[in-house]
Amino acid sequence: MENIIYIAISFFCLIVIVSLFFVVKQQTAAVIERFGRFQSIRQSGLQLKIPLVDRISGKLSLKIQQLDVMIETKTKDDVFVRLKVSVQYKVIKDKVYDAFYKLDYPHDQITSYVFDVVRAEVPKMKLDDVFVRKDDVAIAVKTELNDAMMEYGYDIIKTLVTDIDPDAQVKEAMNRINAADREKTAAQFEGDAARILIVEKAKAEAESKRLQGQGIADQRREIARGLEESVEVLNKVGINSQEASALIVVTQHYDTLQSIGQHTNSNLILMPNSPQAGSEMLNDMVASFTASNQIGEAMKNSQKKKEE
């Protein structure tokens, strides 16, 4: 009987000794109550408490935590959109008492404030502005939460609008608008390219014609120089300028006939083309040159008389 009592007493003492010590993990705070009343807050490490008197009422993590909140609201242009707001928060080390005793459900409290702020800010914006100014929405949520949750011992580290999801039909319409805008831009670029091609082609044709005309002018200049030299040579052997010019023209006429005759498939026909026609053409040319010289001399004499 004494052994049983001794064993019971030993077991009781062991329980008391074991319950005397407890361990608090890193980045964790333990709330100790004595007979149901707040006693102290213990930080990480090996801690002591009075067995059967003190008890661990609860533990709070001091790590940064994240709460994702999904909100559906309407924009200024009457488009329903779903936003995902991520709130990063932590318990302030010096305000563990407030965080533990003043607020039972911090997640619900934070969610309510996020809903309130987002549904106040987003209806002021058009859908495009929501995408552009999502940081403004996040800042507004953080400011409102900080002012509200600081009293309860919570510090709002950062808020992020991580997702903006409009209605499926709205997204499809936005994609069509974007595609149409890109097609319009592509058409404008194609039109500009076609216009540049036409302009450059016209410039090339103009340059080609200019060079062609310059070549023809140079050719005619050389022909005239050759004719001038031919006339000078004929003048040296006693043939006057009129006869020399007529002779050169006739010679070119027969050179042309000879050149045509070298091509078997030529379809060119010169009329008239008999030897008598050549003789008549030579006489006519000499007569025309003579007449033109006489008219020129008469005009010169008339001009001199007027000047006198």
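Small disclaimer: the values here were computed from a predicted structure and weren't measured.

A. Main features of a nonpolar patch on the surface. Residues Ile17, Phe21, Val23, Leu46 and Leu48 make up a contiguous nonpolar surface patch of about 500 Å² in total accessible area. Secondary-structure elements contributing two or more residues to the nonpolar patch are strand 1 (21–24) and strand 4 (45–48). Its location among the elements puts Leu46 in strand 4. Exposure remark for Leu46: the relative accessible area of 60% places this residue in the exposed category.

B. Focus on the pairing of strand 1. Side chains Phe22 and Val24 of strand 1 all project onto a buried face; the interleaved residues Phe21 and Val23 project onto a face where none is buried. Sheet topology note: the strand 1/strand 4 ladder contains 4 bridges and is antiparallel. Residue pairing across strands places Val24 opposite Gly45, the latter belonging to strand 4.

C. Molecular detail of the sheet that holds strand 2 (residues 28–34). An order of 3-2-5 is seen for the 3 strands of this open sheet, with the pairing classed as antiparallel. Each having just a single partner strand, strand 3 (37–42) and strand 5 (54–61) make up the two edges of the open sheet. Within this sheet the neighbouring strands show an average axis-to-axis angle of 25°, counted without direction. Where strand 2 meets strand 5, 7 bridges bridge the pair, whose relative direction is antiparallel. Bridge pairing in strand 5 links Thr28 to Ser61.

D. Just the environment of Met150, in detail. Inspection of the secondary structure assignment puts Met150 in the loop between helix 5 (134–149) and strand 8 (154–166). A C-alpha to C-alpha distance of 9.5 Å links Met150 and Asp98, two positions 52 residues apart in sequence. Those residues in contact with Met150 that lie beyond four places of it in its chain are Ile92, Lys95, Leu145 and Asp155.

E. Here's a closer look at the pattern of salt bridges. The final tally for this structure, using the stated rule, is 8 salt bridges. With a shortest N-O distance of 3.3 Å, Asp136 and Arg133 are connected by a salt bridge. On the basis of relative accessible area, Asp136 is assigned to the partly exposed category, the value being 39%. When the shortest N-O distance is used, the salt bridge between Lys203 and Glu200 registers 4.0 Å. On the criterion of helical spacing, the pair formed by Lys203 and Glu200 is a turn pair, its members being 3 residues apart in helix 6 (residues 168–236).

What counts as what
Each chain carries its own residue numbering, running from 1 in the written order of its sequence. Only residues with pLDDT of at least 70 get local features here, since the model is predicted, and only at 80 or more are side-chain atom pairs given and counted; chain-wide, interface and lining totals rely on the full set of residues. Processing note: side-chain calculations cover all non-hydrogen atoms of the structure and skip hydrogens and water entirely. For patch building, the residue pool is restricted to those with more than 30% relative accessible area and no salt bridge; the joining distance is 9 Å between like charges and 5 Å between nonpolar side chains (Val, Leu, Ile, Met, Phe, Trp, Tyr). For the area figures, the Shrake-Rupley method with a 1.4 Å probe applies, and any residue is considered shielded solely by the protein chains shown. Basic side-chain nitrogens of Lys or Arg form a salt bridge, by our definition, when they fall within 4 Å of a carboxyl oxygen of Asp or Glu. Only DSSP runs of H or I covering at least 4 residues are called helices, and only runs of E covering at least 2 are called strands; the numbering of each starts at the N terminus. Buried, partly exposed and exposed residues are distinguished by accessible area as a fraction of the type maximum, computed with a 1.4 Å probe on protein chains only: under 20%, between the cut-offs, and over 50%, respectively. Being paired, for any two strands, means DSSP has found at least two bridges between them. A fitted line through C-alpha atoms represents every axis, and for helices the fit uses only the stretch in contact; the resulting angles, taken between N-to-C directions, go from 0 to 180 degrees. Contacts were defined at the residue level, with two residues in contact if any of their heavy atoms lie within 4.5 Å.

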